[in-house]
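Letter by letter, the chains look like this.
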Amino acid sequence: MKTEISYQELLKTSPYKPVKAKIVKTNKYTEFEKLFRIELDGKKDLEHVPGQFVQVSLFGVGEAPISICSSPTEKGFFELTVRRVGGLTNAMHKLETGSVLGIRGPFGKGFPLDAMRGNDLLIVAGGLGIVPLRSLIHYILDQRKDFGDVQILLGCKTPKDMLFGEEVEAWQKRADIKFNCTVDRADPDWKGNVGLITSLIPGASIEPKKTYAVVVGPPIMYKFVIVELLKKEIPGHQIVVSLERKMKCGLGKCGHCQIRGVYVCQSGPVFTYNDLQQMEGECHEGECHVKA
Amino acid sequence: MKYAIIAKTEMPRWFDSLKRHGKIFGPKKKEHQYVFRPINEFEEMSLVYIPTILPPKKYYFPQREALLKFSIDPYRTDKAIKEFEEFILFAVHTCDIAGIQCMDVVFNDAPADPNYLNRKEKMTIIGLECMSYCDTYASCTAVGNHVPRGGYDIMLTDLGDAYAMHVNSEKGEKLAAGKSYIREMSEADRGRLKRAQDEKLKKFHNEFNGDIKSVEKAFDDGFFSSVWQDVGRRCVGCTNCTAVCPTCYCFDIADEMEMNLNDGVRARTWSYCQMDDFAKVATGEDFRPGRDGRQRHRYYRKFKYPVAKYNKYFCTGCGRCTRTCMAKISLIETVNGLLDERKGA
């Protein structure tokens, strides 16, 4: 939220003060993942870019950074899909429609939409990585003609871990995008691919020079996926990832999210593979500096 | 009045006159060390002191500070503190003033931090120039902080029986103006000041085995140096080094509830990159595991990252991290280790 305000105004307000917001809809996808549709006070738009995140505040519990999963083309509300893993997210899961919470943000840099426009897109989502990518997918589908070929590769552990089930079915049926998914472990009803997400990449037909690959997944996934993308000769600046870190203040101050000299909350969480080269030695599980 | 003179015998009188401008904090002896404390009488202070256990940072970036007042039901938020009070830091060494200048840059950088800026606005800094080394841990000369380089309202330089005053701001002007016992500097006084400062410079030398440019290069190339493994093996992870650093500003934010469990404050407290869970997220991923990586991070946050971002070294040369280290990890030795490795290569 880069708003220019005067010094005197600044002293009156505080970047640490959340805005009041209300949950208007929830959808529990799995035991651990739940979607929240949220309205800011006065139904103001969040004005985010796909790939950005907000800090969710529950007073008495604290704050946690959560990526936005709806598109800015959807007006009057925004959506978060939250996996309950820590204090804040477990408390949040207990909230229902009508509950009040605080929001700060949006923070960080989102996906490079201007650079991506007019090019082909290869979207690779692993596990919870589909959450921030859903924001991008909704955005693209709402402005479909601005983008070239769009392929979505989705991977998750088992069929029952799959999020956004009805939407995913709709994506599969669309003629203007290619969609492919795989599970690590099938169940008896599963008729699709079985295997890691990396197994879907060699078969994807792309023109590397005009393709942006957008990859979001758990830290361990990046090194394997990036290797496959480099084999496809996609240039480093067209491989786009989103990194998880401990964003606390969102203001480039508190230090927790830093990778070498970079504050992820301000300069990220979206980076290109070329950006990651500068972070060698502080990336996790070989997120960066992958040699093809 | 840019340069003035005050006799040492008049210092208590001047000190008393400062009290009406705000609370005064100065250096005071505590057992065999020194601390900044509220000062009522001039005589309480120790004006010859090695850097205090904590830098005066505790007054402009407190260990615990409320950012926000809130209540859960009904949802309500409010600024935690409406007005900060005027205060004076007295006899601050040039290394600690450099620390304040670093914090200014960080908290002014957009998005700016209103709590810090508010406190800074209420702060008056009266510096005290060091005329000889405090001890062997300091590395102020290497980073150019052994001499005053701005960032203060008044700087005092010891001339034997008197102090030279460099009045450096409007605030400083107000504190010095209209006092019969503070007089403008004469030509002869200027000569004395110059001689004293020249004599002083003879006592100070670059503490590193190379100039600051070569230190910068050593950090450019030294990320994978074995120096970090060595430091990491010795580090016990106590976080003392980051707690006493005048330019460490990392923090945590946590909610503190009233007894009614409905009202509370959101407060920030100092946090340290040397803690093992500093970069650990809720899923259990630790993004900076290992004391070697964490110590390296601390050094890079002094000698590399802020240089690239703000064109400023965030090591003030105060020597506190070395003085306080339980494992006797020395900043001078670590930096020299990097420099020597380059020379050897």
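Since the model is a prediction, treat every value here as computed from it, not as a measurement. (Residues numbered from 1 in each chain as written. Chains lettered and ligands numbered in written order. Predicted model: local features only at pLDDT ≥ 70, side-chain atom pairs only at ≥ 80, totals over all residues. Heavy atoms only, no water.)

Caption draft 1: Local environment of the overall build of chain A. Secondary structure summary: chain A contains eight helices and 15 strands in total. In terms of C-alpha radius of gyration, chain A reaches 19 Å, essentially the compact-globule figure of 19 Å for 292 residues. Taken over the C-alpha atoms alone, chain A extends approximately 55 × 45 × 35 Å along its principal axes. Each of the 292 residues in chain A was classed as buried or not, and the buried ones make up 57%. Put simply, 69% of the contacts in chain A that link residues at least 6 apart link residues at least 24 apart. Summing over all exposed atoms, chain A offers an accessible surface of approximately 12200 Å²; the carbon and sulfur share of this is 50%. With 39 positive and 34 negative side-chain charges, chain A shows a separation of 3 Å between the mean positions of the two kinds. (Helix = DSSP H or I, 4+ residues; strand = E, 2+ residues; numbered from the N terminus. Rg over C-alpha atoms; globule rule 2.2 N^0.38 Å. Buried < 20%, exposed > 50% of the residue type's maximum accessible area, 1.4 Å probe, protein only. Contact = heavy atoms within 4.5 Å. Areas by Shrake-Rupley, 256 points an atom, 1.4 Å probe, with all protein chains shown as cover. Lys, Arg positive; Asp, Glu negative; His and termini not counted. Charge placed at Lys NZ, Arg CZ, Asp CG, Glu CD.)

Caption draft 2: Quick look at the overall build of chain B. A tally of regular secondary structure across chain B gives 13 helices and 12 strands. A compact globule built from 345 residues would reach a C-alpha radius of gyration of about 20 Å, and chain B, at 22 Å, matches this within 12%. Judged by the C-alpha coordinates and their principal axes, chain B covers about 65 × 65 × 40 Å. When the 345 residues of chain B are sorted by exposure, 56% land in the buried category. Expressed as a percentage of contacts within chain B between residues at least 6 apart in sequence, the contacts between residues at least 24 apart total 73%. Looking at chain B as shown, the accessible area adds up to about 14900 Å², and 51% of this sits on carbon and sulfur atoms. Charged side chains of chain B number 54 positive and 48 negative; the gap between the two group centres comes to 2 Å.

Caption draft 3: Main features of the domain arrangement of chain B. All names here are of chain B. The assigned domain composition of chain B is domain 1 (3–52 + 83–203) and domain 2 (212–247 + 274–344). Once you take the C-alpha centre of each, domain 1 and domain 2 turn out to be 29 Å apart. Regarding the contact of domain 1 and domain 2, the summed buried area is about 1600 Å², with carbon and sulfur atoms giving 63% of it. For the pair domain 1 and domain 2, the number of links is two salt bridges. Between D135 and R323 there is a salt bridge, with its nearest N and O atoms 2.7 Å apart. On the surface where domain 1 and domain 2 come into contact, there are seven residue pairs in polar contact (both at pLDDT 80 or more). Of the residues contributing to the side of domain 1 that touches domain 2, the split by class is 14 nonpolar, six polar and three charged. (Domains from an automatic or database assignment. Buried area = accessible area lost by both parts, 1.4 Å probe. Salt bridge = Lys/Arg side-chain N within 4 Å of Asp/Glu carboxyl O. Polar contact = N/O pair within 3.5 Å; in protein donor to acceptor, adjacent residues only side chain to side chain. Nonpolar A, V, L, I, M, F, W, Y, C, P; charged D, E, K, R; others polar.)

Caption draft 4: Region of interest: unusual backbone geometry. Cis geometry is found at the peptide bond from D73 of chain B to P74 of chain B, where omega equals 0°. Considering the arrangement of structural elements, one finds P74 of chain B in the loop between strand 4 (64–71) and strand 5 (76–79). For the bond from A110 of chain B to P111 of chain B, the omega torsion is -5°, close enough to zero to count as cis. One can find P111 of chain B in the loop between helix 3 (94–108) and helix 4 (114–121). The phi torsion at F164 of chain A lies on the positive side, around 55°, for a residue other than glycine.

Caption draft 5: Representation of the nonpolar core within the structure. If you look at the biggest cluster of nonpolar residues, it comprises 109 residues, and the most contacted ones within it are F111, I123, I130, L136, W171 and L229 of chain A together with L89 of chain B. Broken down by element, the residue count for this core peaks at eight residues, all from helix 4 (residues 130–142) of chain A. The contact partners of I123 of chain A, leaving out residues within four places of it in the chain, are L133, L136, I137, I140, V150, Q151, I152, L153 and V214 of chain A. V143, F208, W228 and C235 of chain B belong to the second largest nonpolar core, which has 27 residues in total. (Core = buried A, V, L, I, M, F, W, Y, C linked by side-chain atoms within 4.5 Å.)

Caption draft 6: Highlighting the sheet that holds strand 5 of chain B. All names here are of chain B. Overall, antiparallel pairing links the four strands, which are arranged 5-4-12-11 in an open sheet. Unpaired on one side and paired on the other, strand 5 and strand 11 (251–257) mark the two borders of the sheet. With direction set aside, neighbouring strand axes in the sheet form an average angle of 25°. As judged from the seven bridges shared by strand 11 and strand 12 (residues 263–270), these two strands associate in the antiparallel manner. Looking at strand 12, one finds that A254 is bridged to A267. Docked against the sheet, helix 4 engages strand 4, strand 5 and strand 12, running at close to 125° with respect to strand 4. (Pairing = 2+ DSSP bridges. Axes fitted to C-alpha atoms, helices over the stretch in contact; angles between N-to-C directions.)

Caption draft 7: Main features of the interface of chain A and chain B. Contact with chain A, which involves 45 residues of that partner, is made by 49 residues of chain B. Summed over both partners, the interface of chain A with chain B comes to about 4100 Å²; 58% of that surface belongs to carbon and sulfur atoms. Among the residues chain A hides against chain B, the three largest losses belong to Y16, F59 and K253 of chain A. Together they make up 20% of the total. Scanning the region where chain A abuts chain B turns up three salt bridges. Note that R266 of chain B and E63 of chain A form a salt bridge whose closest N and O atoms lie 3.6 Å from each other. On the surface where chain A and chain B come into contact, there are 23 residue pairs in polar contact (both at pLDDT 80 or more). The element best represented in the side of chain A that touches chain B is helix 1 (residues 7–12) of chain A, accounting for four residues. When the residues that make up the side of chain A that touches chain B are grouped by side-chain class, the tally is 18 nonpolar, 14 polar and 13 charged.

Caption draft 8: Broad picture of the domain arrangement of chain A. Residues and elements named next belong to chain A. According to the domain assignment, chain A consists of domain 1 (11–107) and domain 2 (113–277). Contacts between domain 1 and domain 2 engage 27 residues on the former and 25 residues on the latter. Taken together, the two surfaces of domain 1 and domain 2 that pack against each other cover about 2000 Å², and 63% of this comes from carbon and sulfur. Summed over the shared surface of domain 1 and domain 2, the result is one salt bridge. E79 is the partner of R134 in a salt bridge, and the nearest nitrogen-oxygen pair spans 2.9 Å.

Caption draft 9: Local environment of the side chain of T77 of chain B. As for its position among the elements, T77 of chain B is in strand 5. Those residues in contact with T77 of chain B that sit more than four places away from it in its chain are K17, P18 and F59 of chain A together with L68, K69 and F70 of chain B.

Caption draft 10: Highlighting the packing of aromatic side chains. All names here are of chain B. For the structure on display, the rule yields 31 aromatic pairs over all chains. Between F15 and F90, the ring centres sit 5.5 Å apart and the planes meet at 80°, which makes this aromatic pair edge-to-face. One end of the pair, F15, is in helix 1 (residues 11–18); the other, F90, is in strand 6 (residues 87–92), and 75 residues separate them in sequence. With a relative accessible area of 0%, F90 lands in the buried category. (Phe/Tyr/Trp six-rings, centres within 6.5 Å; stacked < 30°, edge-to-face > 60°.)

Caption draft 11: Here's a closer look at helix 4 of chain B. Within helix 4 of chain B, six of the eight residues are buried, which leaves the element mostly enclosed by the surrounding structure. Turning to helix 4 of chain B, its buried residues number three or more, namely P114, N115, Y116, L117, N118 and R119 of chain B.

Caption draft 12: Representation of the sheet that holds strand 1 (residues 3–7) of chain B. Residues and elements named next belong to chain B. Spatially, eight strands are ordered 3-2-6-7-8-9-1-10 in an open sheet, and the strand pairing comes out mixed. Where the open sheet ends on each side, the last strands, each with one partner, are strand 3 (33–38) and strand 10 (182–184). Going from strand to strand, the sheet's axes swing by 25° on average, the running direction of each strand aside. Note: strand 2 (residues 23–30) against strand 6, three bridges, orientation parallel. Across the sheet, the residue bridging to I24 is I88, located in strand 6. In the packing of helix 1 onto the sheet, the strands contacted are strand 1, strand 2, strand 6, strand 7 (123–128), strand 8 (154–158), strand 9 (162–167) and strand 10, and the crossing angle to strand 6 comes to about 155°.

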